[in-house]
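Residue-level structural notes
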Amino acid sequence: GSHQFTSGALQNTVEVTGGDGAFCHIDQDQPQYQFTSYVYNDYYRSADGGASWTNVTHSASAGRFINPTDYDDVNNRLYAARNNNQYVRWDNPQTGSTFTQVALGALGGQVSAIKVSPNTANRVFFGSGAGAVLRADNAHTASPTVTNITAGLPAGAYVSSIEVETGNDNHLLVTFSNYGVNSVWESTNGGSTWTSVEGNLPDMPVRWALFNPSNSSQVILATELGVWSTDALNGGSTVWGASNSGLANVRVDMLQIRTSDKLVIAATHGRGLFYSDLFTTPIALFDAD
């Protein structure tokens, strides 16, 4: 199911919705609106901070079993995978049940990763299980402007996440969750070209990437063997190291950051959530004397 955490310390949780728990979101500027999901495009909404929940179902079969979604906190829309070469947009997730199917084309399969741009209104990045990465401008309309930014990425690999630097849509990271391919790629020109930053990373699935919001050369990864990090992206010479103190060499599926204090959460497969202040800005202390 989907569980609600209410504090940062070791705690019991409350299962707010049952079944197979999938992607969840809390509106970042209206936190009374919270969303959980079951399999495919089956959702639950709370308008009272998680005290009560209403089921809203778009399709009991379309999309992936654990269906990737991302929520636009500013414009209050939810984007999700549907059938091959299309996405579905929940236009009124706070109050209603209006879903719009939108054709993307050139994906070569189903959406596997979604990232709403933190910088450009109604711009959404989509990746697929066939290795394609597309940018959709005006994604809130029936006919978005779609740009294919796949060139140079591993053909046929499974896109597991897309990361966008806050303040710079040209700086992107794409990760892949396959064995036998370079799993982490960087672009500094909006996806016109890509460079592998795999460096010394072991051959293992990578499922999520997160920029340090204060230094975009620093990145952490959610991998098959815990969290890995680098202090400096440097193409093929990038040096990664395991950052698992207090965690474990356990599969990590997702990373999220709270912008107010830069606290990072790592979501593991079967070991719960772990948090870290590794990106928190240090506070200078001065002697009053």
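Report follows, based on the coordinates. (Residues numbered from 1 in each chain as written. Predicted model: local features only at pLDDT ≥ 70, side-chain atom pairs only at ≥ 80, totals over all residues. Heavy atoms only, no water.)

With respect to the overall build of the protein
Short version of the rule: Starting at the N terminus, helices and strands are each numbered in turn, a helix being any DSSP run of H or I of at least four residues and a strand any DSSP run of E of at least two. To sort residues, take the accessible area from a 1.4 Å probe on protein chains only and compare it with the maximum for the residue type: under 20% means buried, over 50% means exposed, and anything in between is partly exposed. Any two residues whose heavy atoms approach within 4.5 Å at even a single point are treated as in contact. Here the open area of atoms and residues is found with the Shrake-Rupley method and a 1.4 Å probe, where only the protein chains shown may cover a residue. When charges are counted, neither His nor the chain ends are considered; positive counts come from Lys and Arg and negative counts from Asp and Glu. Just so you know, the charge point we use is NZ for Lys, CZ for Arg, CG for Asp and CD for Glu.
A count of helical and extended segments in the protein gives zero helices and 25 strands. Taking the principal axes of its C-alpha atoms as reference, the protein extends roughly 55 × 45 × 35 Å. When the 289 residues of the protein are sorted by exposure, 49% land in the buried category. The contacts in the protein between residues at least 6 apart in sequence include a share of 41% that link residues at least 24 apart. Per element, the accessible surface of the protein, about 13,100 Å² overall, is 48% carbon and sulfur. Here the protein carries 13 positive and 24 negative side-chain charges, and the mean point of each set is 8 Å from the other.

Focus: the packing of aromatic side chains
Heads up, the rule is: Pairing of aromatic rings covers Phe, Tyr and the six-membered ring of Trp, with a centre-to-centre limit of 6.5 Å; geometry is then stacked below 30 degrees between planes, edge-to-face above 60, and tilted otherwise.
Evaluated as defined, the whole model comprises eight aromatic pairs. Centroid distance Y43 to W90: 5.4 Å. Interplanar angle 35 degrees. Geometry classified as tilted. With Y43 in strand 5 (residues 41–46) and W90 in strand 9 (residues 86–90), this residue pair connects regions lying 47 residues apart in the sequence. Note on accessibility: Y43 and W90 belong to one class, buried. Relative to F99, the ring of W90 lies with its centre 5.1 Å away and its plane at 20 degrees, an arrangement referred to as stacked. Note on accessibility: W90 and F99 belong to one class, buried. Linked through ring pairs, F35, Y43, Y71, W90 and F99 together constitute an aromatic cluster.

Regarding the layout of surface pockets
Rules: Cavity and pocket criteria rest on a 1 Å grid covering protein atoms alone: a 1.4 Å probe that fits but cannot get out defines a cavity, protein on both sides within 12 Å along at least 5 of 7 lines defines an open pocket, and an atom within 4 Å of a point defines a lining residue. Grid points are joined across faces, edges and corners, and a volume is the space filled by probe spheres set on the points.
The volume enclosed by the second largest pocket comes to roughly 250 Å³. Lining the second largest pocket are 15 residues, with S243, S245, L247, Y275 and S276 positioned closest to its centre. Those elements giving two or more residues to the lining of the second largest pocket turn out to be strand 24 (263–268) and strand 25 (273–276).

Observations regarding the environment of R123
Convention followed: Two N or O atoms form a polar contact when they lie within 3.5 Å of each other; inside protein one atom must be a possible hydrogen donor and the other a possible acceptor, and for residues adjacent in sequence the pair counts only when both atoms belong to side chains.
Along the chain, R123 turns up in the loop between strand 11 (111–116) and strand 12 (124–128). Spatially, the C-alpha atoms of R123 and S161 are 16 Å apart, while their sequence positions differ by 38 residues. There is a polar contact of 2.9 Å between the side chain of R123 and the side chain of D169.

Some thoughts on the pattern of salt bridges
Filter applied, for reference: Salt bridge, as applied in this entry: a Lys or Arg side-chain nitrogen positioned within 4 Å of an Asp or Glu carboxyl oxygen.
Evaluation of the coordinates by the stated rule reveals nine salt bridges. R251 is paired through a salt bridge with D253; the nearest N and O atoms lie 2.6 Å apart. A single salt-bridge network, built from bridges that share partners, covers R123, R135, D137 and D169.

Considering the sheet that holds strand 5
What counts, and what does not: By the convention used here, strands pair only if DSSP detects at least 2 bridges between them.
Across the sheet, which stays open at both edges, the four strands sit in the order 3-4-5-6 with antiparallel pairing between neighbours. Each of the sheet's edge strands pairs with one partner strand only, and the pair in question is strand 3 (25–26) and strand 6 (54–59). Relative to strand 4 (residues 34–37), strand 3 is paired through two bridges, and the arrangement is antiparallel. Each bridged residue has a counterpart across the sheet, and for H25 the counterpart in strand 4 is F35.

Points about the sheet that holds strand 17 (residues 184–187)
Spatial strand order, 15-16-17-18: four strands in an open sheet with antiparallel pairing. Of all strands in the sheet, those with a lone pairing partner are strand 15 (159–165) and strand 18 (195–196), marking the two edges. Bridge count between strand 16 (residues 168–176) and strand 17: four bridges; the pairing is antiparallel. Residue pairing across strands places V174 opposite W185, the latter belonging to strand 17.

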